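# Remarks on the overall topology
Next come the chains, spelled out residue by residue.
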Amino acid sequence: MKLVRSLMLLLCLSIVIAACGGEATPTAAPAPTTAAATPTTASAAEATATVEVTAVAEVSPTVPTTTTTEPAGGSLVVYSGRSESLVAPLLELFTQETGIAVEVRYGDTAEMAAQILEEGDNSPADVFFGQDAGALGALSDRFVQLDRSLLNLVDPRFVSSEGTWVGASGRARVLVYNTDVLTSTDLPASILDLTKPEWKGRVAWAPTNGSLQAFVTALRVSQGEDVAKQWLEGMIANDVKVYESNSAIVKAVASGEVDTGLVNHYYLFALKKEQPDAKAANHYFGNGDIGSLVNVAGVGVLKTAKNPEAAQIFANYLLSDGAQLYFADKTNEYPLVAGIITNPAIKPLGEIITPNIDLSNLKDLQGTLELLQDVGAIQ
Amino acid sequence: MVFKHLRFRSGRWSALFLTISAGLIALIMVLPVGYLLLRTSEAGSAAWAQLQRPSTLRVFTGSALLAITVTAGSLLIGLPLAWLTTRTNLPGARIWLTLIMLPMAIPSYIGAWAIIAVLGPRGLVQQWLEPLGIERLPEVYGFWGAAGALILFGYPYIVLNVRVALRKLDPALEEAARSLGQRSSHIFWRITLPQLRPALAAGSLLVILYALSDFGAVSLLRYNSFTRAIYLQYRASFDRTGAAVLSLLLVGLACGLLAAEALSRGRARYYRSSAGVSRQPKLVGLGVWRWPALIFCAIVVLFAVVLPIVAIVAWLIIGLRAGQSWNLQLTDLANSLLAASLAALVTIVLAFPVVFLAVRYPSRLTSLIERATYVGYALPGIVVALALVFWGANYLPWAYQTLGLLILAYAVRFLPQAIGSLRTSLLQINPRLEEAGRSLGQPAWRVVLSVTLPLLRPGIISGAALVFLSTLKELPATLLLGPTGFHTLATDIWNNTAELRFSQTALPALLLMVAAGASLALLLANERKT
């Protein structure tokens, strides 16, 4: 029968291509060529390979680093809420340095957190690598206590107060603005000023996005429900433009669709990789203003981990100099361990006076969601 | 209840067998609902509070309105296109057919993004018009933007179903009417259209459920439908209660629509009364009308096909100019094809008992079984995926995160696509053909293989093609249920858009559309041979 034949043909074709394509799990182990070659090979695909050379060379001058680190062997299952294009090269470096094979599941941070909650005690995950303090907080009950020595590497501002997760990289809230229309002196010192009449119809936000919601939670926690509610209502009354994501806002600002937008600092640098002449810049709000909140991407080790030792090694690795340099150079985030130099194009973390907020308190997102719904920011 | 309709003894066993196997399949398909009930019952008063929020009612009516608008729009576009490409002498009909089916190969998240990039307030079109002094285009966001995008990606479901029916239509009916002196338009409305009812109903149902479950388009075009509200709940609070309550309401809405469709079906028969060689009806000459017909086709193709392709190619060029390195992922292409072919195969096999039972032994029970299989299609992918994460990790740990469970998830999501197509075909096969076969002493399975199956081929092919295409585009189930390290083109696209790498997205998106386009071409070529 022709139908059966064509279906079989399609199937065979796929199998053949699958077989030719080779290994289906690219991150499971380093390819043989990678191990033998220079440390840049892992990131050869990246355009800015030169930065990587210096970064890795500083950390591990001898290349197969087995001399410095005892290879622990074994394997590790990482649930990554961070995307593959950003962190896969880092995980390959981890395998090279420790000999621990890594299996990674990539997904959205919230979806991965929900998946771990659904899996319950049967979760195959050893560690969760997420990009939001709220998601890490939601999984807090499923994480083990981390060692003091590890937690102490990072400023207490960026660590779970319960000691269940630790921040690995920082992400600052900024106001991105179109440099054709505005200069830095035009911009307000406080995010609360954006409700003033001169900003009517000129600001974009993404109320469905996790980073803005984390900010609103911080506003509620630090200045109370009333101030948060007033600000949200003021923004809506001021004709704030609604977007779906930070990336959409940065694009809209660069194209002149809207003058300014509330986003995280690194989206601008991602855009500039594709459009080097993009007409946009970041503005940081003033000293200690709630608008300059710094959220984290971080890691927690699951109580149900099958390979708890490898999981601990992984958590330590994310705070090693090599990994921290990687965040500075590749993802344009802030390294959180002291003494690592940030990308010079970015305002250093040390110069940002962050608001006085316990990131562990940012897990009350349900309250924020209800507030956003009550004022009509989201339906 | 079932057995009342049996006319011969050997059928009793096949009916029993069909009822049991179809019942089991239906049970698997309602697993997500079981999960939702479990989550909601655990929540207690929080679930009640969610139900009483004014926003819940807004989302409910908004979603229903969107689904109805999208279906009406898809019928308005899909029915004429199906007729023009099947029954008229439209110039270049085969090429137009391929082109108008192409939107099925474009994921709604890419299509909606392209609409914004081109037609947005400061999109490409605005930039072209800028010299004329136009600084902003009207907003594409909101209800009409979302409805427009979903219509553009939904109408092919109508075309596909209606074409199969049009081709199997007995020309004798129309010829009889013509010999009685009826005018062409009259024949279409009074003879042809009523015959198309099952196909229109099956296609509409797919469009309705597609509109209800789509996330990409409504999210990018900022319309707050159920799917978006459910995603928001997950994203914002990791709270599965609110999401579960909203999902159950969505199931309720889908059940209402399913019941309405069932009522409209009636008890009509659609197979030909007499045996005979199936003939192709004569093509209708369009005359001067071919110009408006061509313009109509061109406009649809411009918005649904050219626009997304222009956007993708534009980003490809931007990426090339910026000196981007392309790591062409052949493995991911192969994974996509493998998963989609397996899903098409499994889903068609699962659809068989359900369709046979529902069509050959119609009763309340069998209709209920058939309807139950539609539920998974109305739910957003994330809900189905998390339900299978829950059942899989806790009750089938050996199957969890294997290709097998992933294929099952695709089947739960897309079984109605196979059922709709098969059902339309089977309705047009006179059961007396099977009875004749059996009266010659052939066992039932043999009759099905040698008589029914070959006649069902158009339905099988279109059903398999639908599932194949949907699987290629599917994202949440692939992310949450695929074996670790199992990458497909869809996950590549997600991975790159998540980090704003639009130009990196262009290549996998293009590959995905080529793969889907190739399978469409295969489908259309096969159709011609019949």
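Residues numbered from 1 in each chain as written. Chains lettered and ligands numbered in written order. Predicted model: local features only at pLDDT ≥ 70, side-chain atom pairs only at ≥ 80, totals over all residues. Heavy atoms only, no water.

## Focus: the overall build of chain A
- Check the secondary structure of chain A and you find 13 helices and ten strands.
- Put simply, of all contacts in chain A between residues at least 6 apart along the chain, 75% involve residues at least 24 apart.
- Entry remark: accessible area of chain A is about 14300 Å², with carbon and sulfur atoms responsible for 55%. (Helix = DSSP H or I, 4+ residues; strand = E, 2+ residues; numbered from the N terminus. Contact = heavy atoms within 4.5 Å. Areas by Shrake-Rupley, 256 points an atom, 1.4 Å probe, with all protein chains shown as cover.)

## Brief notes about the packing of helix 10 (residues 184-195) of chain B against helix 11 (residues 197-213) of chain B
All names here are of chain B.
- Packing of helix 10 against helix 11 leaves a shortest axis separation of 4 Å and a crossing angle of 55 degrees. By the angle between their directions, the pair helix 10 and helix 11 is classed as oblique. Between helix 10 and helix 11, the contacting residues are L193, P194 and Q195 on the first element and R197, P198 and L200 on the second.
- Residue classes in the contact of helix 10 with helix 11 are distributed as four nonpolar, one polar and one charged. (Axes fitted to C-alpha atoms, helices over the stretch in contact; angles between N-to-C directions. Parallel < 35°, antiparallel > 145°, perpendicular 65-115°, else oblique. Nonpolar A, V, L, I, M, F, W, Y, C, P; charged D, E, K, R; others polar.)

## With respect to helix 6 (residues 108-119) of chain B
All names here are of chain B.
- In this model helix 6 runs 16 Å from its N-terminal to its C-terminal C-alpha over twelve residues, within 8% of the 16 Å that 1.5 Å per residue would give.
- Burial runs high along helix 6: nine of the twelve residues are buried.
- Buried residues of helix 6: S108, I110, G111, A112, W113, A114, I115, I116 and V118, and no others. (Expected span 1.5 Å × (residues − 1). Buried < 20%, exposed > 50% of the residue type's maximum accessible area, 1.4 Å probe, protein only.)

## A closer look at the side chain of B:T471
Residues and elements named next belong to chain B.
- Its location among the elements puts T471 in helix 22 (residues 444-473).
- Take T471: its relative accessible area is 4%, and that puts it in the buried class.
- In terms of polar contacts, T471 uses its side chain to reach the backbone carbonyl oxygen of V467, at 2.7 Å. (Polar contact = N/O pair within 3.5 Å; in protein donor to acceptor, adjacent residues only side chain to side chain.)

## Some thoughts on a nonpolar patch on the surface
Residue and element names in this part refer to chain B.
- Taken together, I295, I299, L302, F303, V306 and V310 make up a surface patch of nonpolar side chains, about 490 Å² in accessible area.
- Its location among the elements puts V306 in helix 15 (residues 290-321).
- You can call V306 partly exposed: its relative accessible area is 36%. (Patch = residues over 30% accessible without salt bridge, like charges linked within 9 Å, V, L, I, M, F, W, Y side chains within 5 Å. Salt bridge = Lys/Arg side-chain N within 4 Å of Asp/Glu carboxyl O.)

## Regarding the environment of A:A270
All names here are of chain A.
- Mapped onto the elements, A270 comes out in helix 10 (residues 267-274).
- Residue A270 is classed as partly exposed on the basis of its relative accessible area, which comes to 23%.
- Between the C-alpha atoms of A270 and T331, which are 61 residues apart in sequence, the distance is 8.2 Å.

## What to know about the packing of aromatic side chains
- Summed over the entire model, instances satisfying the criterion amount to 18 aromatic pairs over all chains.
- Judged by centre distance (5.6 Å) and plane angle (50 degrees), the rings of B:Y157 and B:Y210 are tilted. Here B:Y157, found in helix 8 (residues 143-168), pairs with B:Y210, found in helix 11; they are 53 residues apart in sequence, far enough to count as distant. As far as burial versus exposure is concerned, B:Y157 and B:Y210 are alike and both buried.
- When the centroid spacing of 5.1 Å and the interplanar angle of 65 degrees are considered together, the rings of B:F390 and B:W391 count as edge-to-face.
- Above the face of the A:Y79 ring, A:R105 is positioned so that its terminal group lies 6.0 Å from the ring centre.
- Above the ring of B:F390, the side-chain terminus of B:R39 is found at 5.3 Å from the ring centroid. (Phe/Tyr/Trp six-rings, centres within 6.5 Å; stacked < 30°, edge-to-face > 60°. Lys NZ or Arg CZ within 6 Å of the ring centre and 35° of its normal.)

## A closer look at the packing of helix 8 of chain B against helix 15 of chain B
Residues and elements named next belong to chain B.
- Orientation of helix 8 relative to helix 15, taken along the N-to-C sense of each, is 110 degrees, at an axis distance of 9 Å. In terms of orientation, helix 8 lies roughly perpendicular with respect to helix 15. Classified by chirality, the crossing of helix 15 by helix 8 is left-handed. Where helix 8 abuts helix 15, its residues L152, F153 and Y155 lie against V300, F303 and A304.
- Its residues assigned to classes, the contact of helix 8 with helix 15 shows six nonpolar, no polar and no charged. (Left-handed = near helix turned anticlockwise from the far one by under 90°.)

## Points about unusual backbone geometry
- One non-glycine residue, A:N332, adopts positive backbone phi at about 60 degrees.
- Take A:N332: it is sitting in the loop between helix 12 (321-331) and strand 10 (334-335).
- What makes A:N332 buried here is its relative accessible area of 8%.
- You will see that B:R222, though not glycine, has its phi angle at about 60 degrees, which is positive.
- Its location among the elements puts B:R222 in the loop between helix 12 (216-220) and helix 13 (226-237).

## Some words on the environment of B:R183
- Topologically, B:R183 is positioned in the loop between helix 9 (171-179) and helix 10.
- Along the chain, B:R183 and B:W96 lie 87 residues apart, while their C-alpha atoms are 27 Å from each other.

## Some words on the nonpolar core
- Formed by 292 residues in total, the largest nonpolar core has its most connected members in A:F128, A:L262, A:F314 and B:L481.
- For this core, the leading source of residues is helix 8 of chain B, giving 16 residues. (Core = buried A, V, L, I, M, F, W, Y, C linked by side-chain atoms within 4.5 Å.)

## Topic: the pattern of salt bridges
- Tallying each qualifying case throughout the model produces twelve salt bridges over all chains.
- Two residues, A:R220 and A:E225, come together in a salt bridge whose shortest N-O distance is 2.9 Å.
- Look at A:R220 and you get buried, because its relative accessible area is 11%.
- The class for A:E225 is partly exposed, based on a relative accessible area of 39%.
- Linking B:R413 and B:E474 is a salt bridge whose minimum nitrogen-to-oxygen distance equals 3.9 Å. Of the two residues, B:R413 is situated in helix 20 (residues 403-427) and B:E474 in the loop between helix 22 and helix 23 (476-481); the sequence distance between them amounts to 61 residues.
- On the basis of relative accessibility, which here comes to 9%, the residue B:R413 falls in the buried class.
- Residues participating in the shared-partner salt-bridge network are A:R82, A:R171 and A:E333.

## Some words on the pairing of strand 8 (residues 280-283) of chain A
All names here are of chain A.
- Here strand 8 shows no split at all, with A280 and N282 on one side and A281 and H283 on the other all buried.
- Sheet topology places strand 4 (residues 166-178) next to strand 8; four bridges connect them, and they run antiparallel. Note on strand 8: the bridge partner recorded for Y177 is A281. (Pairing = 2+ DSSP bridges.)

## Some words on the pairing of strand 1 (residues 75-80) of chain A
Residues and elements named next belong to chain A.
- Of all six residues in strand 1, five are buried, a share of seventy percent or more.
- Across six bridges, the pairing between strand 1 and strand 2 (residues 101-106) is parallel. For Y79, the partnering residue across the bridge sits in strand 2 and is R105.
- Viewed along the sheet, the connection from strand 1 through helix 4 (residues 84-98) into strand 2 turns out right-handed. (Right-handed = clockwise from strand over helix to strand, strands pointing away.)

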